[in-house]
Amino acid sequence: MSGLFITFEGGDGTGKSTQVRLLTEWLIEQGRAVVTTREPGGTEVGTALREIVLHHRGEVDPRAEALLYAADRAQHIGTLVRPALERGDVVVQDRYIDSSVAYQGAGRVLDAAEIKRISLWATGDLIPDLTVLLDLPGDVARKRLAQEHKTFDRLENEHDDFHERVRAAFLALAAAEPQRFLVVDAAQEIDQIAHVIRDRVGALL
Ligand code: TYD
């Protein structure tokens, strides 16, 4: 495949969507064809699944939850992302497999290795060329979210220690694959963060 697959990861409130937007704008200025997308969601099937995983009232079994994310991912990669990469586009994606490992694994019910295996099966082993991890202490992220948010979704409503486990899981994933990950301190100024990300992406183009 000739395209470039870039994913953004991090807890809720770390500023992912802002950085996804800024990177997309910069890539377009560089004359690149860009597909900007997100999980869950990104396709019609995915949007329906997103509604269930984020807003369903009542219990969702942890295995069912993991499979819903994997189903969304399979549809998304199969119908949108792979074709874009085959065309040679740059795909900038908000959340991917690492989110499943960090979030579904942080619930402590499911084994992280199993979750990863399911996602890899769902995507035919598609691994990003670069994963940007926006890292921020949980309490800072929560404060940001509280300022900008109307209501919390199911996962945002989890307790603080859940979010600390998610953060630790992301950092462990980054430490295990330093060549794929760029870890950025998300407490920095927006422009400073964007600059660090551009430098790295520019080197890959
Ligand atoms: P996000 O797109 O960041 O939501 P927002 O609309 O608030 O920007 O992510 C939605 C939630 O889904 C987030 O709390 C993390 C969770 N999530 C998982 O638990 N597992 C996954 O595999 C993915 C992709 C997301």
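This text follows the structure it describes.
It should be emphasised that the depicted structure is a prediction, and the values quoted were computed from it without experimental measurement.

(A) Local environment of the pattern of salt bridges. A full pass over the atoms with the stated rule returns 9 salt bridges. Of the charged contacts in the structure, one is a salt bridge between Glu39 and Arg73, with a shortest N-O distance of 2.5 Å. Of this pair, Glu39 sits in the loop between strand 2 (34-38) and helix 2 (44-55) while Arg73 sits in helix 3 (residues 62-87); the two residues are 34 residues apart in sequence, bridging distant segments of the chain. Here Glu39 matches Arg73 in class, with each residue buried. Arg87 serves as the salt-bridge partner of Asp89, at 2.9 Å between the closest nitrogen and oxygen. Exposure remark for Asp89: the relative accessible area of 9% places this residue in the buried category.

(B) Main features of empty space enclosed by the protein. Scanning the entire structure with this criterion turns up 3 cavities of 30 Å³ or more. The volume enclosed by the largest cavity comes to roughly 160 Å³. Along the walls of the largest cavity sit 16 residues, with Gly11, Thr14, Leu136, His163 and Arg167 positioned nearest its centre. Secondary-structure elements contributing two or more residues to the lining of the largest cavity are strand 4 (130-135), helix 6 (138-148) and helix 7 (160-176). Taken together, the residues of the lining of the largest cavity break down into 7 nonpolar, 5 polar and 4 charged.

(C) Local environment of the site of the ligand. Taken together, 15 residues surround the ligand, and among them Arg50, Arg95, Ser100, Gln104 and Glu156 come closest. Interatomic distance of 3.0 Å between a side-chain N/O atom of Arg95 and an oxygen atom of the ligand. Between a nitrogen atom of the ligand and a side-chain N or O atom of Gln104, the distance comes to 2.8 Å. Considered on its own, the ligand offers 560 Å² of accessible surface; in the complex 89% of this is hidden by protein. With respect to the detected pockets, the ligand is housed in the largest pocket. Mapped by element, the contributors of at least two residues to the shell around the ligand are helix 2, helix 3 and helix 4 (97-106). With 4 residues, helix 4 is the single largest residue contributor to the shell around the ligand.

Quick notes on the rules
- Residues numbered from 1 in each chain as written.
- Predicted model: local features only at pLDDT ≥ 70, side-chain atom pairs only at ≥ 80, totals over all residues.
- Heavy atoms only, no water.
- Salt bridge = Lys/Arg side-chain N within 4 Å of Asp/Glu carboxyl O.
- Helix = DSSP H or I, 4+ residues; strand = E, 2+ residues; numbered from the N terminus.
- Buried < 20%, exposed > 50% of the residue type's maximum accessible area, 1.4 Å probe, protein only.
- 1 Å grid on protein atoms, 1.4 Å probe; cavity = no way out; pocket = protein on both sides within 12 Å on 5 of 7 lines; lining within 4 Å.
- Points joined across faces, edges and corners; volume = space filled by probe spheres on them.
- Nonpolar A, V, L, I, M, F, W, Y, C, P; charged D, E, K, R; others polar.
- Near = heavy atom within 4 Å.
- Polar contact = N/O pair within 3.5 Å; in protein donor to acceptor, adjacent residues only side chain to side chain.
- Areas by Shrake-Rupley, 256 points an atom, 1.4 Å probe, with all protein chains shown as cover.
- Sits in = over half its atoms within 2 Å of the grid points.

Any functional reading would require information that these geometric values do not contain.
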